[in-house]
Amino acid sequence: DAGITQSPRHKVTETGTPVTLRCHQTENHRYMYWYRQDPGHGLRLIHYSYGVKDTDKGEVSDGYSVSRSKTEDFLLTLESATSSQTSVYFCAISDWGKGYGYTFGSGTRLTVV
Amino acid sequence: KNEVEQSPQNLTAQEGEFITINCSYSVGISALHWLQQHPGGGIVSLFMLSSGKKKHGRLIATINIQEKHSSLHITASHPRDSAVYICAVRSGNTGNQFYFGTGTSLTVIP
């Protein structure tokens, strides 16, 4: 979507390897989110950020870490990928205080073999 | 326990039909969102609302705060409306906490 990009779009990795997904925005929005989407579960929040270096855990944060060293970038790291982390990952941005709702990235399909 | 419940889970309609998707929630909210996801595609935000009604083209979203219920209506449905529609609420009690429904899969047959 305009103003937000995710990379890579697809990735296949082996169990036990570290993986980093990147979310980049050009909207200068305050909030950034990482979700995973799995059949039967809908979207589940992994981590979110409410400012540079300010992050908090979501409902499925185990096995994931995040970093936000600048407004435009929010990185999601799987320290040691497991097959249960095979999923589609979506990044989203928002700035509620300015009246902006959600804008989602195009998603990253991650397969852990 | 799901904080957000959508109905129906699956819906098939003939082109031209009027469609309603329902969303009920159990938490206090500051805003409710309707999202659209086409098969294999990204997620698009259709509406963000905290009261009343919003309209965009053939789509109408309403919310009743007292009843904790929202509806998404599609008038004169078209095959390109076939997608998963997701209701999400932003909780007023916990700031940036969000709850998502599992989605309604809509198929519109020509």
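Scroll up to find the structure this text is about.
Every value quoted in this text rests on a predicted model; they were computed, and no experiment measured them. (Residues numbered from 1 in each chain as written. Chains lettered and ligands numbered in written order. Predicted model: local features only at pLDDT ≥ 70, side-chain atom pairs only at ≥ 80, totals over all residues. Heavy atoms only, no water.)

Novice: Honestly, the pairing of strand β8 (residues 73-78) of chain A in this entry has me stumped. Any pointers?
Specialist: Two faces make up the sheet, and in a regular strand the side chains alternate between them. Residue and element names in this part refer to chain A. Among the 6 residues in β8, 5 count as buried, and that is most of the element. Pairing geometry for strand β3 (residues 19-25) and β8, over 6 bridges, is antiparallel. When the bridges of β8 are listed, Val19 appears paired with Leu78. Bridge analysis of strand β7 (residues 64-70) against β8 gives 5 bridges, and the strand direction is antiparallel. Each bridged residue has a counterpart across the sheet, and for Tyr64 the counterpart in β8 is Leu78. (Buried < 20%, exposed > 50% of the residue type's maximum accessible area, 1.4 Å probe, protein only. Helix = DSSP H or I, 4+ residues; strand = E, 2+ residues; numbered from the N terminus. Pairing = 2+ DSSP bridges.)

Novice: I keep staring at the pattern of salt bridges and nothing clicks. Help me out?
Specialist: Side chains bearing opposite charge may pair, as long as their charged atoms lie close to each other. Considering all chains together, one arrives at 5 salt bridges over all chains under this definition. For the salt bridge of Asp73 of chain A with Lys70 of chain A, the shortest nitrogen-to-oxygen distance reads 3.7 Å. Put simply, Arg58 of chain B and Asp81 of chain B hold a salt bridge, and the shortest N to O gap is 2.8 Å. Remark: Asp81 of chain B occurs in the loop between β8 (69-74) and β9 (83-91) and Arg58 of chain B occurs in the loop between β6 (52-56) and β7 (59-64); sequence separation between them is 23 residues. Using a relative accessible area of 6% as the deciding quantity, one classes Asp81 of chain B as buried. What emerges from the salt-bridge pattern is a single network uniting Arg22, Lys70 and Asp73 of chain A. (Salt bridge = Lys/Arg side-chain N within 4 Å of Asp/Glu carboxyl O.)

Novice: How should the side chain of Thr108 of chain A be read in this particular structure?
Specialist: Residue and element names in this part refer to chain A. As for its placement among the helices and strands, Thr108 is situated in strand β11 (residues 108-112). Reaching out from Thr108, the side chain makes a polar contact with the side chain of Gln6 at a distance of 3.3 Å. The residues touching Thr108, leaving out its near neighbours within four places in the chain, are Gln6, Ser7, Pro8, Arg9, Leu21, Ser87, Val88 and Tyr89. (Polar contact = N/O pair within 3.5 Å; in protein donor to acceptor, adjacent residues only side chain to side chain. Contact = heavy atoms within 4.5 Å.)

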